[in-house]
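Letter by letter, the chains look like this.
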Amino acid sequence: MTNKNENLFLRAQKTTPGGVNSPVRAFRSVGGTPRFIQRAEGAYFWDVEDKRYIDYIGSWGPAIVGHAHPKVVQAVQEAAARGLGFGAPTEGEIEMAEEICKLMPSIEQVRLVSSGTEATMSALRLARGATNRDKIIKFEGCYHGHADSLLVKAGSGLLTLGNPTSAGVPEDFIQHTLVLDYNNSQQLEDCFKAHGKDIACVIVEPVAGNMNLIKATPEFLRTMRRLCTEYGSVLIFDEVMCGFRVALGGAQSLYDIQPDITALGKIIGGGLPVAAFGGRADLMANMAPLGRVYQAGTLSGNPVAVAAGLTTLKLIQEPNFYEQLSSQTNKLVRGLSEAARKAGVTFCADSIGGMFGLYFAQSIPASYTEMMATDSAKFNRFFHLMLDAGVYLAPSAFEAGFVSAQHDDAIIAASIACAEKAFEQLVS
Ligand code: PMP
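The shown structure was predicted, so the numbers you read here are calculated from the model rather than taken from an experiment. (Residues numbered from 1 in each chain as written. Predicted model: local features only at pLDDT ≥ 70, side-chain atom pairs only at ≥ 80, totals over all residues.)

Undergrad: Which residues make up the site of the ligand, and what values go with them?
TA: Neighbouring residues of the ligand: 17 residues in total, closest Ser-115, Gly-116, Thr-117, Gly-145 and Val-240. In terms of residue count, the dominant contributor to the shell around the ligand is helix H4 (residues 116-131) (three residues). A class-by-class count of the residues in the shell around the ligand yields five nonpolar, 10 polar and two charged. (Near = placed C-beta within 6 Å. Helix = DSSP H or I, 4+ residues; strand = E, 2+ residues; numbered from the N terminus. Nonpolar A, V, L, I, M, F, W, Y, C, P; charged D, E, K, R; others polar.)

Undergrad: How would you sum up the domain arrangement of the protein chain? Please name residues and give values.
TA: Domain annotation for the protein chain reports domain 1 (4-64 + 319-427) and domain 2 (70-315). Here the C-alpha centroids of domain 1 and domain 2 sit 25 Å apart. Counting residues at the interface gives 29 residues for domain 1 and 31 residues for domain 2. When residues of the side of domain 1 that touches domain 2 are traced back to their parent elements, those giving at least two are strand S13 (348-352), strand S14 (355-359) and helix H13 (368-372). Looking at the side of domain 1 that touches domain 2, its residues break down into 18 nonpolar, eight polar and three charged. (Domains from an automatic or database assignment. Contact = placed C-beta atoms within 7 Å.)

Undergrad: Give a description of the pairing of strand S3 (residues 52-55) that names residues and reports values.
TA: Relative to S3, strand S2 (residues 44-47) is paired through three bridges, and the arrangement is antiparallel. What sits directly across from Phe-45, in S3, is Tyr-53. The turn linking S2 back onto S3 is made up of four residues, and Asp-50 within it adopts a positive phi angle of 70 degrees. Bridging between S3 and strand S15 (residues 391-392) involves two bridges; their strand directions are parallel. Within S15, the position partnered with Asp-55 by the bridge is Tyr-392. (Pairing = 2+ DSSP bridges.)

Undergrad: Quick one: what's the story with the packing of helix H12 (residues 321-343) against helix H15 (residues 409-427), residue by residue and with numbers?
TA: Between H12 and H15, whose axes approach to 9 Å, the crossing angle comes to 25 degrees. What the angle tells us is that H12 and H15 run roughly parallel. Every pair of crossing elements has a handedness; the one defined by H12 and H15 is right-handed. Across from Gln-328, Lys-331, Leu-332, Gly-335, Leu-336, Ala-339, Ala-340 and Ala-343 in H12, the residues of H15 making contact are Ile-412, Ser-415, Ile-416, Ala-419, Glu-420, Phe-423, Glu-424, Leu-426 and Val-427. (Axes fitted to C-alpha atoms, helices over the stretch in contact; angles between N-to-C directions. Parallel < 35°, antiparallel > 145°, perpendicular 65-115°, else oblique. Left-handed = near helix turned anticlockwise from the far one by under 90°.)

Here it is in structure tokens:
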């Protein structure tokens, strides 16, 4: 008898490519059968077999206040009862924009969209439209969604599938995309010296979360800011993942660097599809209907999704929210490192705010190349041992993990206890 997850996976593969609607969900790199989830609450979700898991992906970031938070659910229900969408403006969208501008002062104006991909794609078009330049700089291992010109040496699912660049992206589309090494300031300087006058923008994850967790060095981001200002290029921080995840003001507040444009997603939708891009008002004035850069969306600023996002943005402003979140994440990371050390497994871990990275390596990677040198086969075994024990980690060695405000001490301790056993089994 196969179990319900296997049955559903077989059924899904008949009508959906690979059985999933986003590649990493398919467990391709870790192997095995994806779990089909039937419900979630707080720090847990349950698969169709009714097996409970401590969830460390939190819907890949959005579930920062925990799954199905009563206040978020209530806001969604109330909004839905008033109508699912109108294709005309609502007050909620203004409130959402005001809240984002208040929390991230580099954002003077913001446009709501429905996915991170749309946010970065539109930010790029804005940068090109505003500068009348074509070239963009991105960094190897940073993932910015699947818009054509950004799908070059990107991270996340592409790394998991061992596929640095997608088929179907014409060479012509990416000839203007310059790909440099993350955390390599000298290379960035040299690139600006050679192409500076043609560079529309630099796009970066200031805390990278799509080649596992890799933090930018302050010097790298400062160099980037200086060069963009000097050459009149737009600096785009892609904070789709790290925005409101690493700190209330995003990575830009931690590093104290103001980008010209910021892309947001995930948390600002509280689990529903809301994303955004925003920044300097003079740049945003280039957007239609005011300016020549076109961008639009039938479901942009959807009232139900905005209700979930706005309520989440209010909840994360409660006193000590980030102190508590960081402290829990830190406890997890320290506990896992200690467990690995005791078992004699080569392992280290890192965290920032509510985001963490686990690496089967001697030291914390600082670049894509270092990340790729970690022992992903070991991670895959560890992943399955943890999964069997009821702890759901990201199903790839190249993804970051996420802790929510509902991961209390008992849940963290239970996770570490599972890891102790898993690490022991790894060496036996
Ligand atoms: N940018 C970053 C930094 C991301 O992590 C992601 C998604 N993981 C995206 C953009 C794309 O967002 P979406 O999946 O909502 O299109």
